[in-house]
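Structural overview for review
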Amino acid sequence: MVKYQGVTGIHMTTLTDPPKETFRLSMLINDTRYRSLTFQAIAAIILALSFWYLLNNLFQNLAAAGLNISYSFFGESAGYDINQRLIEYDSQSSHGRAAVVGILNTLLVAFLACITATIFGVVAGVLRLSNNWLVSKLMAFYVEIFRNIPVLIWIIIIFTIMTAVLPAPRAFRGDEPAASMLFGSAAFTNRGVYIPGPWFSRPLFDVAVLNWLLVLAFLVGSFFGARALGRWATKVQEATGDRPVTWYFSLGIWLVPFLALMVIMGLSWEYPALKGFNFSGGIKIGGPLIALWFALSIYTGAFIAENVRAGIQAINKGQTEAAASLGLRPGRVMNLVVLPQALRVIIPPLISQYLNITKNSSLAIAVGYADITATLGGITLNQTGRAIECVLLLMLFYLTISLLISAFMNVYNSSIKLKER
Amino acid sequence: MKKTFVLGALTVAGLAAGAAQAATVDDVKARGKLNCGVSTGLVGFAAPDANGNWGGFDVEMCRAVAAAVLGDSNAVEFVPTTGKTRFTALASGEVDLLARNTTWTFSRDVDLKFTFVGVNYYDGQGFMVPAELGVSSAKDLDGATVCIQTGTTTELNLADFFRVNGISYEPVPIETNAEAQQQYLAGACDVYTTDASGLAATRATFENPGEHVVLPEIISKEPLGPLVRHGDDNWGDIVRWTLNALITAEELGVTSANVAEMSGGTNNPEINRMLGTEGNLGEQLGLEADWAMKVISAVGNYGESFEKNIGENTPIGLARGLNALWTEGGLIYTPPFR
Ligand SMILES: N[C@@H](CCC(=O)N[C@@H](CS)C(=O)NCC(=O)O)C(=O)O
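Okay, so let's go over this structure. Predicted, not measured: the structure shown is a model, and the values here were computed from it. Residue positions are given per chain, counting from 1 as you read along its sequence in written order. In the order they appear in the text, chains get letters beginning with A and ligands get numbers beginning with 1. Only residues with pLDDT of at least 70 are given local features in this predicted model, and only at 80 or more are side-chain atom pairs given and counted; all residues enter the totals for whole chains, interfaces and linings. The side-chain figures draw on all heavy atoms in the structure; neither hydrogens nor water molecules are used.

**Brief notes about the overall build of chain B**
Segments assigned H or I by DSSP are reported as helices when at least four residues long, segments assigned E as strands when at least two residues long, and all are numbered from the N terminus. The number of helices and strands found in chain B is 14 helices and 14 strands. In chain B, which comprises 338 residues, the proportion classed as buried is 59%. Accessible areas in this description were obtained via Shrake-Rupley with a 1.4 Å probe; residue shielding takes into account the shown protein chains only. Accessible surface for chain B amounts to roughly 13000 Å². Of this, 51% is attributable to carbon and sulfur atoms. Under this rule, positive means Lys or Arg and negative means Asp or Glu; His and the chain ends count for nothing. Lysine's charge is taken at NZ, arginine's at CZ, aspartate's at CG and glutamate's at CD. Of the side-chain charges in chain B, 22 are positive and 41 negative, and the distance between the mean point of each set is 6 Å. Exposure categories follow from relative accessible area, calculated using a 1.4 Å probe and restricted to protein chains: below 20% of the type maximum is buried, above 50% is exposed, and the middle band is partly exposed.

**What to know about the side chain of glutamate 175 of chain B**
Relative to the helices and strands, glutamate 175 of chain B is located in the loop between strand S10 (169–174) and helix H7 (177–185). Salt bridges are identified by distance alone: a Lys or Arg side-chain nitrogen within 4 Å of an Asp or Glu carboxyl oxygen. Buried charge without a partner: glutamate 175 of chain B forms no salt bridge, and the closest opposite charge is lysine 84 of chain B, 4.1 Å away. Only heavy atoms enter the contact rule, under which two residues are in contact if any of them lie within 4.5 Å. If near-sequence neighbours (up to four positions away) are discounted, glutamate 175 of chain B is found in contact with Ile365 of chain A together with Thr82, Gly83, Lys84, Gln149 and Thr150 of chain B.

**Thoughts on the state of the cysteines**
Residue and element names in this part refer to chain B. The disulfide criterion used throughout: a pair of cysteine sulfur atoms within 2.5 Å. Tallied over the full model, the rule gives 2 disulfides over all chains. For cysteine 36, the disulfide goes to cysteine 62, at an S-S distance of 2.0 Å. Classification of the bridge connecting cysteine 36 and cysteine 62 rests on its S-S torsion, roughly -60 degrees, and on that basis the disulfide is left-handed. Of this pair, cysteine 36 sits in strand S1 (residues 34–39) while cysteine 62 sits in helix H3 (residues 57–70); the two residues are 26 residues apart in sequence, bridging distant segments of the chain. With a relative accessible area of 0%, cysteine 36 lands in the buried category. A relative accessible area of 0% means that cysteine 62 is categorised as buried. Shown here is the disulfide that connects cysteine 147 with cysteine 189, its sulfur atoms set 1.9 Å apart. The chirality of the disulfide connecting cysteine 147 with cysteine 189 is left-handed, given an S-S dihedral of about -95 degrees.

**A closer look at the sheet that holds strand S1 (residues 187–189) of chain A**
Residue and element names in this part refer to chain A. What the 3 strands build is an open sheet, ordered S1-S2-S7; its pairing is antiparallel. Lying at the two open borders of the sheet, with one neighbouring strand each, are S1 and strand S7 (283–286). Between one strand axis and the next, the sheet turns through 15 degrees on average, direction left out of account. Here S1 pairs with strand S2 (residues 192–195) via 3 bridges, running antiparallel. Bridge assignment links threonine 189 to a residue of S2, and that residue is glycine 192. Helix axes are fitted only over the stretch in contact, all axes being lines through C-alpha atoms; the angle between N-to-C directions runs from 0 to 180 degrees. Packing against the sheet, helix H8 (residues 287–313) makes contact with S2 and S7, and its axis sits at approximately 55 degrees to S7. Two strands are counted as paired when DSSP detects at least two bridges linking them.

**Some details on the site of the ligand**
Residues and elements named next belong to chain B. The environment of the ligand is made up of 22 residues, and the closest members are Thr40, Thr103, Thr153, Asn177 and Asp195. Two N or O atoms form a polar contact when they lie within 3.5 Å of each other; inside protein one atom must be a possible hydrogen donor and the other a possible acceptor, and for residues adjacent in sequence the pair counts only when both atoms belong to side chains. Contacts to the ligand include asparagine 101, whose backbone N or O atom sits 3.0 Å from a nitrogen atom. Glutamine 149 places a side-chain nitrogen or oxygen 3.0 Å from an oxygen atom of the ligand. Burial of the ligand by the protein chains amounts to 100% of its free accessible area of 500 Å². When residues of the shell around the ligand are traced back to their parent elements, those giving at least two are helix H6 (153–164), strand S11 (191–195) and strand S13 (222–224). Taken together, the residues that form the shell around the ligand break down as 2 nonpolar, 15 polar and 5 charged. Here the shell around the ligand spans two domains, and each of domain 1 (22–122 + 224–328) and domain 2 (125–220) adds at least three residues to it. Think of it this way: one heavy atom of a residue within 4 Å of a molecule or strand is enough to make that residue near it. Note on residue categories: nonpolar means Ala, Val, Leu, Ile, Met, Phe, Trp, Tyr, Cys or Pro, charged means Asp, Glu, Lys or Arg, and polar means any other residue, Gly included. These domain boundaries are the output of an automatic or database domain assignment.

**Here's the deal with the environment of valine 263 of chain A**
Residues and elements named next belong to chain A. You can see valine 263 is positioned in helix H7 (residues 247–265). Residue valine 263 is classed as exposed on the basis of its relative accessible area of 58%. Valine 263 sits 63 residues away from phenylalanine 200 along the chain, and the two C-alpha atoms are 9.4 Å apart.

**Topic: the interface of chain B and chain A**
Contacts between chain B and chain A engage 47 residues on the former and 47 residues on the latter. Across the chain B to chain A interface the summed buried area is about 3800 Å²; carbon plus sulfur atoms make up 58%. The interface formed by chain B and chain A includes 3 salt bridges. Glutamate 132 of chain B is the partner of arginine 170 of chain A in a salt bridge, and the nearest nitrogen-oxygen pair spans 3.5 Å. Note on terms: buried area is the combined drop in 1.4 Å-probe accessible area of two parts once they are placed together, counting the loss on both.

**A closer look at the nonpolar core**
The biggest cluster of nonpolar side chains holds 60 residues, and the ones touching the most others in it are Leu34, Trp235, Met274, Leu275 and Trp291 of chain B. With 10 residues, H3 of chain B is the single largest residue contributor to this core. Excluding residues that lie within four positions of it along the chain, leucine 34 of chain B makes contacts with Val28, Cys62, Val65, Ala66, Leu70, Ala75, Val76, Glu77, Asp96, Leu97 and Trp235 of chain B. Val308, Leu355, Ile372 and Met409 of chain A belong to the second largest nonpolar core, which has 57 residues in total. Note on terminology: a nonpolar core comprises buried Ala, Val, Leu, Ile, Met, Phe, Trp, Tyr and Cys residues joined through side-chain atoms within 4.5 Å.

**Some remarks on helix H4 (residues 133–147) of chain A**
Residues and elements named next belong to chain A. Every helix has an expected span of 1.5 Å times one less than the residues it contains. Here H4 is 15 residues long and its end C-alpha atoms lie 21 Å apart, about the 21 Å a rise of 1.5 Å per residue gives. Inspection of H4 places Ser136, Met139, Ala140, Tyr142, Val143 and Phe146 among the buried residues, and these make up the whole buried set. End-on, the buried residues of H4 take up no more than an arc of 155 degrees, which puts them together on one face. H4 presents Trp133, Leu134 and Phe141 as exposed residues on the side facing more than 90 degrees away from its buried surface. Buried positions along H4 lie against helix H3 (95–128), helix H5 (151–165) and H8. The N-terminus of H4 is capped by asparagine 132, whose side-chain oxygen sits 3.0 Å from the backbone nitrogen of leucine 134. This arc is taken over the directions from the axis of the helix to the C-beta atoms.

Honestly, it's all geometry; don't read function into it.
Next up, the structure:
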């Protein structure tokens, strides 16, 4: 329905101008070029209005009920204790600090579970394609059993089995205890696992964290050293065709500085021992953490296994055959040819599995693990009655973490993307 | 789980205002059922039997209110709530009344905006430990692992008690009494702490109750009672005077056995006023004249309900103690029906 205007005027040049058109309101509906924009604008306005209506309703009702959105409770003392604290905290600390303790616990279990879920997933996914009938059927069984039962059930099953099967600390007591420590140094109890903890008898710094940071710095240094060595080896290989053997040298770069540092600082081990009601000393990995960590990893691992299998199967069989005809052994075909290409298919769904782990970790309260949902969204919410405030913050937290994870993984994804030259 | 949580919170916000204005008693009558929040299962206080019928001391509070308002003590929808969910359930209007071992505290009254209509059990927080641990005082619990229900006054008292006494502990936060019991019996915690009445009720369900001792220390005051939302005083009055009728009936010797006879008229004017043969107290509450008669014939008086559910002849075996009538050296006392 475009209307051309007649050519007016005396200049011949106007004849070659594109025909001008006037804009009429009806074109918003009738003209296909505008129609979709019109409808989108209408939808956006309706959406904004309904949000405004909901929010307005919320605030009006809050005001009518004499409630107001206020975060002042954040500074008040929390009054409750938390059993797993990565930072200093006691019942006199503020609700805000309790929330931070919860955040750190959420991040800890999510981080651990992402790592182990990836390991389980990759192993199960690769083995599921194995030519060995038993192995591949076993892996298929694992995948189907674990991903088809809700994760909450897994968390509770694992926790219940742990508390029922493992001995209580008091079983380790007495002259002829019913339970004994593994190698005299690790205790598996129904409250958690106690293992020897490292400490330094000649620390270089008074603050314990600094010593560990120093260790970390050494490891990072070794990492770059080993990488430089690898680069050099590649260069030599490109120039001469022979790759120098470097593994013992690389091992040295990793071990020598590290061991030296350990000797200088006097690495010692503190063993857990039964004192009073509980074991003390060493490192305690609490039962709730173990149950949650294990359940999340084994459950999500089943999904990742499927992603990995899909990724590998997406690679054309010709690739494998071509690699084999070059004389590569099957292991190398997998590592050098198939997996690098498969990763491109695997990474995007892997991101959503990592997000799932982080979000599913909010089921922690089922086993009494003090994550952010249990502290801020549980006890704090309950004791202060500030439901809206706490839930808003929780939403904000999970949103931020999820966006950060996917941003990070997207960067990684684009770094391994097919580089077209 | 998270979703219902968010929705719950939004409902609190969305409904709080509406609920405060509408008359709860009209809602209950229109619905023909009282929605009553109880615990998820604490024998003697609120627990379903093998046939799914709820019974217990708190449950009878619900039944009494249903009898007063609807004339039928079975017209109750019992809503099981945990320590964590109970206040959201009440604030959002999901329940009309909460009768769940709930302690009357300043912040619940003032900040959470609930009205406690009275106290039906004077309690305090205690500790239970396996006898084999050989612990004789709560002060010996340094380093112990303690099971607690979250969202309760218990966890706050516990933190205070250990801090003040300069000893340490490890909390195991648990949502329901049933889970806490399981953890405690498996030895995942050394100590279970909650209201002393709750400890007695929990211990009564153990296979060998004798293997567990309740320590002598009572570390807090826990006045337990039914509560309603702020803002509907008429409804608050109905629940308050239902509780008062139960207590006054015991004081005046009105029982489920003799209430029918007494409602024919007695020579005690207070009994007559309460049972509706004199004056118009029922009408003032917006109820039938014989509301209190229905309450007492349905659940008996306070003492009867106590003895039947948690008294010394039940497995729970609680003595009246502080919960005896004021005339017998206890704290149970009501204003007069006048
Ligand atoms: N009175 C305390 C504690 C209430 C409480 O949680 N009581 C426990 C045991 S006495 C209970 O009723 N549990 C039943 C359930 O788990 O549903 C409060 O109001 O915060």
